[in-house]
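One letter stands for each residue in the lines below.
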Amino acid sequence: LRQHVRGMHVKNVEAVSGERIVKLVFGLREPLFSLLAELFPGGRLVLVDGSGVVRASHPPGLIGKEYTVPGARRTVLEKEEALKIIRGLNGSVRIGVVLARELGLGPKYSEEVIARSGVDPSVTLSVLSEEMLDRILDALESLRLDLSRPSPRLYVGEGVVVPAPFALRSLE
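Residues numbered from 1 in each chain as written. Predicted model: local features only at pLDDT ≥ 70, side-chain atom pairs only at ≥ 80, totals over all residues. Heavy atoms only, no water.

Trainee: So what exactly am I meant to see when it comes to the environment of G96 here?
Mentor: Note that G96 resides in helix α3 (residues 95-102). Sequence separation of G96 and L1 is 95 residues, and the distance between their C-alpha atoms is 37 Å. Setting aside anything within four residues of it in sequence, one finds G96 in contact with S110 and P121. (Helix = DSSP H or I, 4+ residues; strand = E, 2+ residues; numbered from the N terminus. Contact = heavy atoms within 4.5 Å.)

Have a look at this one:
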């Protein structure tokens, strides 16, 4: 990586629209390379030339290929779609992980679903009862409804401010 940008200057820094990707543009007089840092789990560090071809990457394996922005992950809030995803997963996966990763809720909203449902986030899918699953699906539905009628809040605790589009039981 260093061999490609040695002696060059950072010409520009920008965020790739709609993604957690930072792009640093390097060059002398004209831009020559862009370093893209994907700032999400499993993200990569990729150096591309002016035509978008990967010249260096971590993890390796992309060199010589054209760089494409990873597809955006969807957030699943619909009961039927969530149920289909959950039913298709390995039974050893914990419900908290399913909510955060597989349904795309991330930590803040998966913790909220857990708080609303009263289900232990460490329960694996193989142990999850139908009654617990119903409570999880109902909590997802209530989250979806709350998103449709926002009531913004700020939660302050231990020097951290957490913005939320509606009241979060997990933070109250």
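After presenting the structure, the write-up continues.
Trainee: What should I look at first to understand the sheet that holds strand β5 (residues 54-58) in this one?
Mentor: Read from one edge to the other, the open sheet built from 5 strands follows the order β1-β2-β3-β4-β5, with strand pairing classed as antiparallel. Every interior strand has two partners, whereas the edge strands, β1 (9-15) and β5, have only one. Between one strand and the next, the sheet's axes are offset by a mean angle of 15°, whatever the strand orientation. Here 7 bridges tie strand β2 (residues 21-27) to strand β3 (residues 31-38), and the two strands are oriented antiparallel to one another. Opposite V25, over in β3, you have S34 as the bridge partner. (Pairing = 2+ DSSP bridges. Axes fitted to C-alpha atoms, helices over the stretch in contact; angles between N-to-C directions.)

Trainee: Any chance you could explain the packing of aromatic side chains here in plain terms?
Mentor: By convention here, two paired aromatic rings are described through the distance between centres and the angle between planes. One pass over the full model with this rule turns up 1 aromatic pair. Between the aromatic rings of Y109 and F166, the centroid separation amounts to 6.2 Å while the plane-to-plane angle is 40°, which identifies the pairing as tilted. Here F166 lies in the segment after β7 (160-164) and Y109 lies in helix α4 (residues 106-117), a separation of 57 residues in the sequence. (Phe/Tyr/Trp six-rings, centres within 6.5 Å; stacked < 30°, edge-to-face > 60°.)

Trainee: Is there a simple way to think about the packing of helix α2 (residues 79-87) against helix α5 (residues 130-148) in this case?
Mentor: Helix packing for two helices is described by the angle between their axes and how far apart those axes are. In contact at an axis separation of 10 Å, α2 and α5 are set at 135° when each is read in the N-to-C sense. Taken together, α2 and α5 sit at an angle that is classed as oblique. The hand of the α2/α5 crossing is right-handed. Here K79, A82, L83, I86 and R87 of α2 come into contact with α5, specifically with E130, L133, L137, D138, L140 and E141. (Parallel < 35°, antiparallel > 145°, perpendicular 65-115°, else oblique. Left-handed = near helix turned anticlockwise from the far one by under 90°.)

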